[in-house]
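So you can see what is in the structure, the chains are spelled out below.
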Amino acid sequence: ENSEWVAERAFEGELAPANDSALGLGFAMRNQFRSASDEERLAVLNAHPDLAGKLAKAKLLSKESTKEQKGAGLDVLSEQELEKFTELNNAYKEKFGFTVIIEVKDFDKKAILDNFQQRLEKSKEEEFTTACLQVERIAQIRIEGILG
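All of these numbers come straight from a predicted model, not from anything done at the bench.

Caption draft 1: Geometry of the overall build of the chain. On a plain count of helices and strands, the chain comes out with eight helices and zero strands. Going residue by residue from the N terminus, the α and β elements of the chain occur as α-α-α-α-α-α-α-α. Burial statistics for the chain: of 148 residues in total, 39% are counted as buried. Taking the contacts inside the chain whose residues are at least 6 apart along the sequence as the reference set, 72% of them involve residues at least 24 apart. Taken as a whole, the chain presents about 8,800 Å² of accessible surface, with 54% of it coming from carbon and sulfur.

Listed below in structure tokens is the structure:
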């Protein structure tokens, strides 16, 4: 999500045969992401759009985010659901200082909201770790979508 540096470092830092499959490329990128500074990883978290947020309404999400959020039904929210997502997005950012990251591919709106609310109960350290793991999961799904 607008964080090309991870792929660039994976390309520069790994042996070519390790990158010849979706799994290998995902592993190389995960290694680079995990070895990055907290500030760099925080920038990746904040590069992701809010769930059902302003960018989605204005149709300014990346192609991948649009597809993922649509697949979870976040493109057809009632006014009440949209208000709830906005409230949770704001509370999350206020508490943790970064955007919530939830790999939405396998969830519906209710499950996403439940997950969102559970994660608001975590500590900042726990949630930073969870959000980073979600970024890695999203990246792997996207790589598999490109490479099969």
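Caption draft 2: Layout of the packing of helix α1 (residues 4–13) against helix α2 (residues 22–35). At a minimum axis distance of 8 Å, the contact between α1 and α2 shows a crossing angle of 110 degrees. In terms of orientation, α1 and α2 fall into the roughly perpendicular class. Considering only the axes of α1 and α2, their crossing is right-handed. Each of Trp5, Val6, Ala7, Arg9, Ala10 and Gly13 in α1 lies in contact with α2, whose residues at this interface are Ala28, Met29, Gln32 and Phe33. Per-class residue counts for the contact of α1 with α2 are seven nonpolar, two polar and one charged.

Caption draft 3: Fine view of the nonpolar core. Counting residues in hydrophobic clusters, the biggest one holds 31 residues, and the most contacted among them are Leu45, Leu51, Phe85, Tyr92, Ile112 and Phe116. For this core, the secondary-structure elements that each account for two or more residues are α1, α2, α3 (38–47), α6 (79–96), α7 (109–119) and α8 (124–147). Here the element with the most residues in this core is α8; it accounts for six residues. The residues touching Phe85, leaving out its near neighbours within four places in the chain, are Leu51, Ala52, Leu74, Leu77, Lys109, Ile112, Leu113 and Phe116.

Caption draft 4: How the structure looks around the packing of α2 against α8. Their axes nearest at 9 Å, the elements α2 and α8 cross at an angle of 150 degrees. As far as their axial angle goes, α8 and α2 are roughly antiparallel. Remark: the crossing between α2 and α8 carries right-handed chirality. Contact with α2, carried on its side by Ala22, Leu23, Leu25, Gly26, Phe27, Met29, Arg30, Phe33 and Arg34, involves Cys132, Leu133, Val135, Glu136, Gln140, Ile143, Glu144 and Leu147 of α8 and no other residues of that element.

Caption draft 5: How the structure looks around the packing of aromatic side chains. Throughout the structure, instances matching the rule amount to six aromatic pairs. Between Phe98 and Phe128, the aromatic rings sit 5.9 Å apart at their centres with planes inclined by 80 degrees, giving edge-to-face as the arrangement. Here Phe98, found in the loop between α6 and α7, pairs with Phe128, found in helix α8; they are 30 residues apart in sequence, far enough to count as distant. Phe128 gets classed as buried once you look at its relative accessible area, which sits at 15%. Clustering of aromatic rings is evident, with ring pairs tying together Phe85, Tyr92, Phe96, Phe98, Phe116 and Phe128.

Caption draft 6: Region of the structure containing the pattern of salt bridges. If you walk through the whole model with that rule in mind, you get eight salt bridges. Here Lys84 ties to Glu87 by a salt bridge, and the two come within 3.5 Å at their closest N and O atoms. Residue Lys84 and its partner Glu87 are both found in helix α6; the two are separated by three residues, about one turn of the helix. Using a relative accessible area of 28% as the deciding quantity, one classes Lys84 as partly exposed.

Caption draft 7: Seen up close, α2. Compared with an ideal rise of 1.5 Å per residue, which puts 14 residues at 20 Å, α2 spans 20 Å between its outermost C-alpha atoms and is within 8% of the ideal. Considered for burial, the residues of α2 that qualify are Ala22, Gly24, Gly26, Ala28, Met29, Gln32 and Phe33. Those residues of α2 that are buried lie in contact with α1, α3 and α8.

Parameters at a glance
- Residues numbered from 1 in each chain as written.
- Predicted model: local features only at pLDDT ≥ 70, side-chain atom pairs only at ≥ 80, totals over all residues.
- Heavy atoms only, no water.
- Helix = DSSP H or I, 4+ residues; strand = E, 2+ residues; numbered from the N terminus.
- Buried < 20%, exposed > 50% of the residue type's maximum accessible area, 1.4 Å probe, protein only.
- Contact = heavy atoms within 4.5 Å.
- Areas by Shrake-Rupley, 256 points an atom, 1.4 Å probe, with all protein chains shown as cover.
- Axes fitted to C-alpha atoms, helices over the stretch in contact; angles between N-to-C directions.
- Parallel < 35°, antiparallel > 145°, perpendicular 65-115°, else oblique.
- Left-handed = near helix turned anticlockwise from the far one by under 90°.
- Nonpolar A, V, L, I, M, F, W, Y, C, P; charged D, E, K, R; others polar.
- Core = buried A, V, L, I, M, F, W, Y, C linked by side-chain atoms within 4.5 Å.
- Phe/Tyr/Trp six-rings, centres within 6.5 Å; stacked < 30°, edge-to-face > 60°.
- Salt bridge = Lys/Arg side-chain N within 4 Å of Asp/Glu carboxyl O.
- Expected span 1.5 Å × (residues − 1).

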